[in-house]
Amino acid sequence: MRGELQHLAVVLALLIVGGGLRRSSGDEGEFIGDYSKLSGIIIPGFASTQLRAWSFLDCSYSPFDFNPLDLVWLHTAKLLSSVNCWLKCMLLDPYNQTDHPECKSRPDSGLSAITELDPGYITGPLSSVWKDWIKWCIEFGIEANAIIAVPYDWRLAPSMLEERDLYFHRLKLTFETALKLRGGPSIVFAHSLGNFVFRYFLEWLKLEIAPKHYNQWLDEHIHAYFSVGAPLLGATETVKAMLLGKTFGLPVSKGTARLMFNSFASSLWMLPFSKYCRADNPYWKHFSGASRKSHQTFQCDKREFRENYSGWPTNIVNLEIPSIRPFDPFSSLPELEVAHTNFSTWEFRFPTHVSFSAREVSDGTFFRSIADYDSDNKRLLYQLQKSYHGDPVLNPLTPWDRPPIKNVFCIYGIGLKTEVGYYLARSGKPYPRNWILTDVIYELEGSLFSRSGNLVEGNPGPASGDGTVSYNSLSLCKNWLGPKVNITRAPQSEHDGSDVQVELNVGHQHEADIIPNMTRSRSVKYITYYEDSESIPEKKTAVWELDKVNHRSIVRSAVLMRELWLQMWHDIHPDKKSEFVTKAKRGPLRDDDCYWNYKKARCALPEYCEYRYLLGDVHLGQSCRLKNSSAHTLLHYL
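Report on the accompanying structure. In this text, all values refer to a predicted model and were calculated from it rather than measured experimentally.

Along its length, the protein chain carries 20 helices and 25 strands. Each of the 638 residues in the protein chain was classed as buried or not, and the buried ones make up 55%. Sequence-distant contacts, at least 24 apart, represent 70% of the contacts inside the protein chain between residues at least 6 apart. When the accessible surface of the protein chain is split by element, carbon and sulfur atoms take 53% of a total near 27800 Å².

See the structure below:
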């Protein structure tokens, strides 16, 4: 029985990470389980790839220098010893995105580039990103060449990734190599900004492959796409980082963080944008004889101007600016104009409050409006036009539809206090400290409130976001579901099925949120599954909402990993009885899922777990392990 358990565990693991599948001889649309052919491709998010030095840099007054292949992002000791020297290896030219003359950095390669950003006894766990994910794969017996990481330079705009590093050419070759190596298509796991990278790749691919072969290539090379924590309408924290700076927990000032963040063209990639405005599809311009450099035009639905906030809960930015400007040495007011101004005739009034929606942020209206108050707006507008609105492949600052992939799973956390709007005022200091944050608008449990706790008017959603990205941005993928949706809500922890709630064939209108009529217990964290397998022939779409799961830690969630394993094991199994894995019960899959129940003085989940001490155990919970006979529980998920 132990051998059977180990075999099933290996099968389960190989199913989930990978993507190599064998077509059955009877039906080209069906796959049967040839688990050795599975492979998985991981696309990390923003700031989740190691950057290494690719030059020599002598750091004065510091015991550390930068030599080729030395860690830059992230090396805390070098940052602390000489932040100015470290910045030379991080900063890019704000216009042409070239490296600093004295130092250049390039992304590392392989799985080690995304597991721990700053390896070490203390810094390692603090900077861990995908390490727990890889541990799961190893524990379930995944082969080393079945997991492929595709790191990238997250400082660059999408077009620059291809122009400088040929990233999308190499990504295409990665899929094709995985198919030849393993014998089947891959499964894509993308987190946060990695989803935007993958979206751009799909559009770029249309220009590399003949139109009649495009869908065929996708079917042959990509079996499933797991979109994790995707900011499908952008994130408000991007605006905060651009105007105030975001330290990422590093020991640097916010001013320094702002200088660094704003030197990256990728700082604009996750700007919040309207759900009602789209750009011309540049794909068709290549076949109509239009110039590759022709500008795209926004086309906004009438709802953009009839409804408030561009489909967001509230305005993104609320500025407090003086209604009449006194002389400011850091202002852009011409010198001659100041010399001939009679200040005694100026009328000083109360500050003016100006608000900007998501559309006005993404189309550049906001940055043009603060031209007199922020010296960085020229660089922002240049990059916005060159790298985004004028991109010949895709304007990323527009909503996207369901990717043309057979199996799509959209996964994100909900129920955490998330920033959705800001009140800013001038600080009277020069750039980069020329703005101060006066108030923040949060969303939580279907309401909006300020930092002081006062309720704020707006359009809050039925839930809140994941602590970083707002709910309306995360849940846009519900539009990918069809007119009939099955909804299931189940506890995240292991359960016997007594607390599972199900609603079948719930009607769903396009661009309308689905709000299940289900109860919640405040002491229980749930997963809500929205599953649709009928609207698009031979395609499957699902949305998973995980209660109280943070944006940055979702890829380390054991609950998410368990559900991924079960879903993929179910999908490939030749004896599956339904389109999606059953939610009737959840038993532990690993020894780590067993724990000691101190109240009953025994291992919890006695149906699956037993007390079995092994040399080296240091506490009771460590000695709770799966029973030998628990392998049969996997059959309950078919």
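This next bit is on the sheet that holds strand E14 (residues 407-414). Strand order in this open sheet of nine strands is E7-E3-E8-E9-E14-E21-E20-E18-E19, and the pairing throughout is mixed. On the outer flanks of this sheet lie strand E7 (147-149) and strand E19 (501-507), each paired with one strand and no other. The mean angle between the axes of side-by-side strands here comes to 15°, regardless of whether they run parallel or antiparallel. Sheet topology note: the strand E9 (residues 222-228)/E14 ladder contains five bridges and is parallel. Paired with phenylalanine 226 across the strands is phenylalanine 409, a residue of E14.

In this model helix H8 (residues 167-182) runs 22 Å from its N-terminal to its C-terminal C-alpha over 16 residues, within 8% of the 22 Å that 1.5 Å per residue would give. Along H8, the positions that sit buried rather than exposed are Tyr167, Phe168, Leu171, Lys172, Thr174, Phe175, Ala178 and Arg182. Each buried residue of H8 lies within a common arc of 150° when the element is viewed along its axis, so the set occupies one face. Among the exposed residues of H8, those oriented more than 90 degrees off its buried face are Lys180 and Leu181.

So, about the packing of helix H6 (residues 131-139) against helix H20 (residues 558-572). Contact geometry for H6 and H20: axes closest at 11 Å, N-to-C directions at 40°. With respect to each other, H6 and H20 are oriented oblique. Crossing of H6 over H20 shows right-handed handedness. Taken together, the residues of H20 that come into contact with H6 (itself represented by Trp133, Trp136 and Cys137) are Ala558, Leu560, Met561, Arg562, Leu564 and Trp565. Class assignment of the residues belonging to the contact of H6 with H20 gives a composition of eight nonpolar, no polar and one charged.

The next thing to look at is the state of the cysteines. With the rule as written, the count across this model stands at six disulfides. Shown here is the disulfide that connects cysteine 277 with cysteine 300, its sulfur atoms set 2.0 Å apart. Residues cysteine 277 and cysteine 300 are joined by a disulfide whose S-S torsion is about 110°; by sign, that bridge is right-handed. Linking cysteine 277 in strand E10 (residues 277-279) with cysteine 300 in strand E11 (residues 298-300), this pair joins segments that are 23 residues apart in sequence. Residue classification places cysteine 277 among the buried positions, given a relative accessible area of 2%.

A few words on the pattern of salt bridges. As enumerated under the stated definition, the model contains 33 salt bridges in all. Residue arginine 164 pairs with aspartate 165 through a salt bridge whose shortest N-O separation is 2.8 Å. Classification of arginine 164 by relative accessible area gives partly exposed; the value is 22%. Residue classification places aspartate 165 among the buried positions, given a relative accessible area of 17%. Notably, a salt bridge pairs lysine 583 with glutamate 531, separated by 2.6 Å at the nearest N-O pair. One end of the pair, lysine 583, is in the loop between H20 and strand E22 (596-597); the other, glutamate 531, is in strand E20 (residues 526-532), and 52 residues separate them in sequence. Each of the two residues, lysine 583 as well as glutamate 531, counts as buried. Within the structure, one salt-bridge network assembled from shared partners comprises Asp153, Arg155, Arg164 and Asp165.

Among soluble globular proteins, nonpolar side chains are generally buried collectively. Counting residues in each nonpolar core, the largest one holds 153 residues, and the members touching the most others are Trp73, Trp86, Trp133, Phe198 and Phe201. Filtering out sequence-adjacent residues up to four positions away, phenylalanine 198 remains in contact with Ile43, Phe175, Val188, Ile222, Tyr225 and Ile405. If you look at the next biggest cluster of nonpolar residues, it comprises seven residues, including Trp596, Tyr608, Cys624 and Leu626.

Let us now look at a nonpolar patch on the surface. Nonpolar side chains collect at one region of the surface, where Tyr598, Tyr611, Tyr613, Leu615 and Leu620 lie side by side and expose about 630 Å² of accessible area between them. In this fold, leucine 615 is placed in the loop between strand E24 (609-611) and strand E25 (624-626). Judged by its relative accessible area of 84%, leucine 615 falls in the exposed class.

The subject of this paragraph is the sheet that holds strand E6 (residues 105-107). In space, the three strands of this open sheet follow the order E5-E4-E6, with antiparallel pairing throughout. Lying at the two open borders of the sheet, with one neighbouring strand each, are strand E5 (71-73) and E6. The mean inter-strand angle of the sheet, taken between neighbouring strand axes irrespective of direction, is 40°. The pairing of strand E4 (residues 51-53) with E6 spans three bridges and is antiparallel. The residue of E6 that forms the bridge with leucine 51 is proline 107.

Within the secondary structure, glutamate 545 sits in strand E21 (residues 540-547). Polar contacts involving the side chain of glutamate 545 include one to the side chain of tyrosine 412, which spans 2.6 Å. Of the polar contacts made by the side chain of glutamate 545, one reaches the side chain of lysine 478; its length is 3.0 Å. Setting aside its immediate chain neighbours within four residues, glutamate 545 contacts Tyr412, Ile414, Tyr471, Lys478, Tyr526, Ile527, Thr528 and Tyr530.

This model, assessed by the stated rule, comprises 30 aromatic pairs. Aromatic side chains phenylalanine 168 and tyrosine 200 sit 5.1 Å apart centroid to centroid with 35° between the ring planes, which places their arrangement in the tilted category. Remark: tyrosine 200 occurs in helix H9 (residues 193-206) and phenylalanine 168 occurs in helix H8; sequence separation between them is 32 residues. By the ring-pair criterion, three or more aromatic residues cluster together here, those being Tyr152, Tyr167, Phe168, Phe175, Phe198, Tyr200, Phe201, Trp204, Trp217 and Tyr225. Lying over the aromatic face of phenylalanine 66, lysine 78 brings its terminal NZ or CZ to 4.4 Å of the ring centre.

Burial within E21 is extensive, with eight of its eight residues counted as buried. Burial along E21 is two-sided: the residues Lys540, Ala542, Trp544 and Leu546 and Thr541, Val543, Glu545 and Asp547 are all buried. In this sheet, E21 lies alongside E14 in parallel orientation, the contact comprising eight bridges. Considered in E21, the bridge of cysteine 410 is made with valine 543. Sheet topology note: the E20/E21 ladder contains six bridges and is antiparallel. Paired with aspartate 532 across the two strands is threonine 541, which belongs to E21.

Thresholds, definitions, all that
- Residues numbered from 1 in each chain as written.
- Predicted model: local features only at pLDDT ≥ 70, side-chain atom pairs only at ≥ 80, totals over all residues.
- Heavy atoms only, no water.
- Helix = DSSP H or I, 4+ residues; strand = E, 2+ residues; numbered from the N terminus.
- Buried < 20%, exposed > 50% of the residue type's maximum accessible area, 1.4 Å probe, protein only.
- Contact = heavy atoms within 4.5 Å.
- Areas by Shrake-Rupley, 256 points an atom, 1.4 Å probe, with all protein chains shown as cover.
- Pairing = 2+ DSSP bridges.
- Axes fitted to C-alpha atoms, helices over the stretch in contact; angles between N-to-C directions.
- Expected span 1.5 Å × (residues − 1).
- Arc of directions from axis to C-beta.
- Parallel < 35°, antiparallel > 145°, perpendicular 65-115°, else oblique.
- Left-handed = near helix turned anticlockwise from the far one by under 90°.
- Nonpolar A, V, L, I, M, F, W, Y, C, P; charged D, E, K, R; others polar.
- Disulfide = S-S within 2.5 Å.
- Salt bridge = Lys/Arg side-chain N within 4 Å of Asp/Glu carboxyl O.
- Core = buried A, V, L, I, M, F, W, Y, C linked by side-chain atoms within 4.5 Å.
- Patch = residues over 30% accessible without salt bridge, like charges linked within 9 Å, V, L, I, M, F, W, Y side chains within 5 Å.
- Polar contact = N/O pair within 3.5 Å; in protein donor to acceptor, adjacent residues only side chain to side chain.
- Phe/Tyr/Trp six-rings, centres within 6.5 Å; stacked < 30°, edge-to-face > 60°.
- Lys NZ or Arg CZ within 6 Å of the ring centre and 35° of its normal.

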